[in-house]
Amino acid sequence: EAGVTQSPTHLIKTRGQQATLRCSPISGHTSVYWYQQALGLGLQFLLWYDEGEERNRGNFPPRFSGRQFPNYSSELNVNALELEDSALYLCASSYLGGEIPYEQYFGPGTRLTVT
Amino acid sequence: AQSVAQPEDQVNVAEGNPLTVKCTYSVSGNPYLFWYVQYPNRGLQFLLKYITGDNLVKGSYGFEAEFNKSQTSFHLKKPSALVSDSALYFCAVRPRSNDYKLSFGAGTTVTVRA
């Protein structure tokens, strides 16, 4: 079974530009989650999508946005990049189990560097 | 508000010795609890989870975790550590609600010396 895949592996942008990160979930998983792992800030929840809808978002500004496509893949867009957006962005997927807490499976991440 | 604490930034053990990585949480209700491991330049790998029932949960790669409700702790353990267990370990919680996001601890770096 293929795992969660993310592209690109690395992304270098300059301040003010836009970045687009992509994620393909494990086959059969309908939920996709995005997390930011920044140096010194740990892992922080960004966004959760399920069945094409945004279900929850973390404490991030609106310039962080995304979407989920009919095939359950997802994009994370970061507009007006700032230096502090430099981080590893992790995508995870899971079944949506209602009361069953299915674990989230993570991709290898996209390393975004803003210069 | 929910929070997860991993009180030790680093844990160092000799190969073959027991390994314990500590985690305490502050979440209303009875949350779901998870352990993940991250190897350098890799994503997180799921190790185990606690839902309900037996306080001792067994997971992947010989790891287990002990849930203690009165101490609100969920410590990760391995009876005999391997050099290959050297990695960054994260404890995470998810409330028993429709909020599916995980809240992570700051992580504990484990170094197992040969």
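See the structure above.
These lines cover the structure that appears in this document, whether it is placed above or below.

Parameters and conventions
Residues numbered from 1 in each chain as written. Chains lettered and ligands numbered in written order. Predicted model: local features only at pLDDT ≥ 70, side-chain atom pairs only at ≥ 80, totals over all residues. Heavy atoms only, no water. Salt bridge = Lys/Arg side-chain N within 4 Å of Asp/Glu carboxyl O. Buried < 20%, exposed > 50% of the residue type's maximum accessible area, 1.4 Å probe, protein only. Helix = DSSP H or I, 4+ residues; strand = E, 2+ residues; numbered from the N terminus. Phe/Tyr/Trp six-rings, centres within 6.5 Å; stacked < 30°, edge-to-face > 60°. Lys NZ or Arg CZ within 6 Å of the ring centre and 35° of its normal. Contact = heavy atoms within 4.5 Å. Buried area = accessible area lost by both parts, 1.4 Å probe. Polar contact = N/O pair within 3.5 Å; in protein donor to acceptor, adjacent residues only side chain to side chain. Nonpolar A, V, L, I, M, F, W, Y, C, P; charged D, E, K, R; others polar.

One pass over the structure, following the stated rule, counts 10 salt bridges over all chains. Note that D50(A) is salt-bridged to R55(A), the shortest N-O span being 3.6 Å. Judged by relative accessible area, D50(A) falls into the buried class, the value being 2%. Classification of R55(A) as partly exposed rests on a relative accessible area of 44%. Residues K77(B) and E66(B) are paired through a salt bridge, measuring 2.9 Å at the closest nitrogen-oxygen approach. Of this pair, K77(B) sits in strand β9 (residues 73–78) while E66(B) sits in strand β8 (residues 64–68), and the two are 11 residues apart along the sequence. When its relative accessible area of 28% is taken as the criterion, K77(B) is described as partly exposed.

Within a pair of aromatic rings, the relevant descriptors are the distance that separates the centres and the angle that separates the planes. Scanning all chains against the criterion turns up 18 aromatic pairs over all chains. Taking 5.5 Å as the distance between ring centres and 85° as the angle between the ring planes, the aromatic pair formed by Y35(A) and F104(B) counts as edge-to-face. In this pair, Y35(A) sits in strand β4 (residues 31–38) while F104(B) sits in strand β11 (residues 103–104), so the two residues belong to two different chains. Looking at Y35(A), the relative accessible area reads 0%, which means it is buried. Taking the centre distance of 4.7 Å and the plane angle of 20° together, the rings of W48(A) and Y100(B) count as stacked. Of the two residues, W48(A) sits in strand β5 (residues 42–50) while Y100(B) sits in the loop between β10 (87–94) and β11, which places them in two different chains. Judged by relative accessible area, W48(A) falls into the buried class, the value being 5%. A residue is classified by how much of its surface remains accessible, and Y100(B), at 5% relative accessible area, is buried. In this structure, R94(B) packs its charged tip against the face of Y100(B), placed 4.3 Å from the ring centre.

Contact with chain B, which involves 19 residues of that partner, is made by 22 residues of chain A. Of the roughly 1,700 Å² buried at the junction of chain B and chain A (both faces included), carbon and sulfur atoms supply 57%. Of all residues in chain B, L44(B), Y100(B) and K101(B) bury the most surface against chain A, accounting for 32% of the area lost on that side. Inspection of the chain B/chain A interface yields one salt bridge. In this structure, K49(B) engages E103(A) in a salt bridge whose closest nitrogen and oxygen atoms are separated by 2.6 Å. Here chain B is connected to chain A by five residue pairs in polar contact (both at pLDDT 80 or more). Elements with a minimum of two residues in the side of chain B that touches chain A: β5 (32–38), β6 (44–50) and β10 of chain B. Per element, the largest residue contribution to the side of chain B that touches chain A is four residues, and it comes from β5(B). Residue composition of the side of chain B that touches chain A, by class: 11 nonpolar, three polar and five charged.

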